[in-house]
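Residue strings, one per chain:
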Amino acid sequence: MQNRIRTAQHSTTTTAAQIGPRRPGLIYDNASGTFEVRAIVTDLTEARRILRRNAARFAILIRDLHAGTEHYTGATWTGSDRVLKAVTF
């Protein structure tokens, strides 16, 4: 039973680390472009449905600031991603 609890906690931590600092309103860029985070879906069933991937852990709705288009991504936060405008509450 303890293994299951540790696994669940690790899974949540891993998902948070993969999402990184992205929150609705945050603007970031990487080699693919500059994006504004519009929404984050962490419900596994919904994320898998949106991205059409059985292994999806989350889906992030982003708006490409250059093209003006919106799409979902399941890309993890990496060292090449850079926050341009943080969200303050």
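Conventions adopted
Residues numbered from 1 in each chain as written. Predicted model: local features only at pLDDT ≥ 70, side-chain atom pairs only at ≥ 80, totals over all residues. Heavy atoms only, no water. Helix = DSSP H or I, 4+ residues; strand = E, 2+ residues; numbered from the N terminus. Areas by Shrake-Rupley, 256 points an atom, 1.4 Å probe, with all protein chains shown as cover. Buried < 20%, exposed > 50% of the residue type's maximum accessible area, 1.4 Å probe, protein only. Contact = heavy atoms within 4.5 Å. Salt bridge = Lys/Arg side-chain N within 4 Å of Asp/Glu carboxyl O. Polar contact = N/O pair within 3.5 Å; in protein donor to acceptor, adjacent residues only side chain to side chain. Arc of directions from axis to C-beta. pLDDT = per-residue confidence, 0-100.

Enquirer: Residue-level account of the overall build of the chain, with values.
Expert: Helix and strand counts for the chain come out as two helices and five strands. For the chain, the succession of helices and strands along the chain, N to C, is α-β-β-α-β-β-β. Put simply, the chain shows about 6,000 Å² of open surface, and 51% of that area lies on carbon and sulfur atoms.

Enquirer: Mind laying out the environment of V37, listing which residues take part and the relevant values?
Expert: Residue position: V37 is located in strand β2 (residues 33–41). V37 gets classed as buried once you look at its relative accessible area, which sits at 1%. Taking C-alpha positions, V37 is 5.4 Å from G25, a pair spaced 12 residues apart along the chain. Once you skip the residues sitting within four places of it in the chain, V37 turns out to touch R22, R23, P24, G25, L26, Y28, I60, L61 and I62.

Enquirer: Residue-level account of the pattern of salt bridges, with values.
Expert: Under the definition given, this model contains five salt bridges. Measuring nitrogen to oxygen at the nearest pair gives 2.7 Å for the salt bridge that ties R63 to E36. Highlighted residues: R63 in strand β3 (residues 59–64) and E36 in strand β2, separated in sequence by 27 residues. Given a relative accessible area of 26%, R63 falls into the partly exposed group. Judged by relative accessible area, E36 falls into the buried class, the value being 16%. A salt bridge links R49 to E46, with the shortest nitrogen-to-oxygen separation between them at 2.6 Å.

Enquirer: Any chance you could break down the side chain of T34 for me, citing the residues and the numbers?
Expert: By secondary structure assignment, the location of T34 is in strand β2. A polar atom in the side chain of T34 sits 3.5 Å from the side chain of H66. When neighbours within four sequence positions are excluded, T34 is seen to be in contact with I27, Y28, D29, R63, D64, L65, H66 and L84.

Enquirer: Can you break down helix α2 (residues 44–51) residue by residue, with the values?
Expert: Those residues of α2 that fall on the buried side of the exposure criterion are A47, I50 and L51. Along α2, the residues classed as buried sweep out an arc of 85° about the axis, all on the same side. Seen from the buried face of α2, the exposed residues on the opposite side, beyond 90 degrees, are T45 and R49. Where α2 ends, the next residue or the one after it, R52, has phi of about 55°, a positive value.

Enquirer: Account for the confidence of the model for the chain, with residues named and values stated.
Expert: Low pLDDT means the predicted coordinates in that region are not meant to be read closely. Residue-level pLDDT values for the chain average 89, and 84% of them are 70 or greater. Every residue in residues 1–10 is under pLDDT 50, and counting partners more than four places away or in other chains gives zero contacts.

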